[in-house]
Amino acid sequence: MENRARNLRAFLRGVARLQRSFTIEAGPLRATGVPAILLGVTGVVLAGGLAAALSKGIMRLPEALGEARGLAEALTSGGSPRLKS
């Protein structure tokens, strides 16, 4: 019983040390400890959701990119003729 309690205490000390040392810094965003761990887990979950959404809509991606290219060309072409008023 004594050995089990000692092992549990050592494990909890290790977890406390880990959560204190876990830090995320991205631009103006700084998080340390449990909030940093939550931000990391949230990022992984969002990346997984984005990958799943892309894999489901991959068939429509060429059409969307073609439309976006056409829109960009229409907006940036300064040499297009203008109507006279």
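The rules behind the values
- Residues numbered from 1 in each chain as written.
- Predicted model: local features only at pLDDT ≥ 70, side-chain atom pairs only at ≥ 80, totals over all residues.
- Heavy atoms only, no water.
- Pairing = 2+ DSSP bridges.
- Helix = DSSP H or I, 4+ residues; strand = E, 2+ residues; numbered from the N terminus.
- Patch = residues over 30% accessible without salt bridge, like charges linked within 9 Å, V, L, I, M, F, W, Y side chains within 5 Å.
- Areas by Shrake-Rupley, 256 points an atom, 1.4 Å probe, with all protein chains shown as cover.
- Salt bridge = Lys/Arg side-chain N within 4 Å of Asp/Glu carboxyl O.
- Buried < 20%, exposed > 50% of the residue type's maximum accessible area, 1.4 Å probe, protein only.
- Expected span 1.5 Å × (residues − 1).

> For this particular structure, what's the right way to read the pairing of strand S1 (residues 23–26)?
Looking down a regular strand, the side chains alternate between one sheet face and the other. Relative to strand S2 (residues 29–32), S1 is paired through 4 bridges, and the arrangement is antiparallel. Bridge pairing in S2 links Thr-23 to Thr-32. Linkage of S1 to S2, two consecutive antiparallel strands, is achieved through a turn of 2 residues, within which Gly-27 is found at a positive phi near 65 degrees.

> Where do I start with the environment of Glu-25 in this structure?
Take Glu-25: it is sitting in strand S1. The spacing of Glu-25 and Pro-35 is 10 residues in sequence and 12 Å in space, taken between C-alpha atoms.

> Would you mind going over a nonpolar patch on the surface with me for this structure?
Taken together, Leu-8, Phe-11, Leu-12 and Val-15 make up a surface patch of nonpolar side chains, about 400 Å² in accessible area. Looking at the secondary structure, you find Leu-8 in helix H1 (residues 2–21).

> Explain the environment of Ala-68 here, please?
Of note, Ala-68 is situated in helix H3 (residues 61–76). Using a relative accessible area of 41% as the deciding quantity, one classes Ala-68 as partly exposed. C-alpha separation for the pair Ala-68 and Pro-28, spaced 40 residues apart in sequence, amounts to 32 Å.

> Looking at this model, I keep getting lost on H3. Mind explaining?
One full turn of an α-helix is made of 3.6 residues, so residues set three or four places apart face in the same direction. The end-to-end C-alpha distance of H3, which contains 16 residues, comes to 22 Å, matching closely the 22 Å that a straight helix rising 1.5 Å per residue would cover. For H3, a buried count of 0 out of 16 residues is recorded, marking the element as mostly open to its surroundings.

> What am I meant to see in the pattern of salt bridges here?
Two side chains that carry opposite charge are able to pair once their charged atoms sit near each other. For the structure shown, the criterion picks out 1 salt bridge. We note a salt bridge from Arg-6 to Glu-2, for which the minimum N-O separation is 4.0 Å. Of this pair, Arg-6 and Glu-2 both sit in helix H1, 4 residues apart, which is roughly one turn of that helix. Of the residues examined, Arg-6 reaches a relative accessible area of 46% and is grouped as partly exposed.

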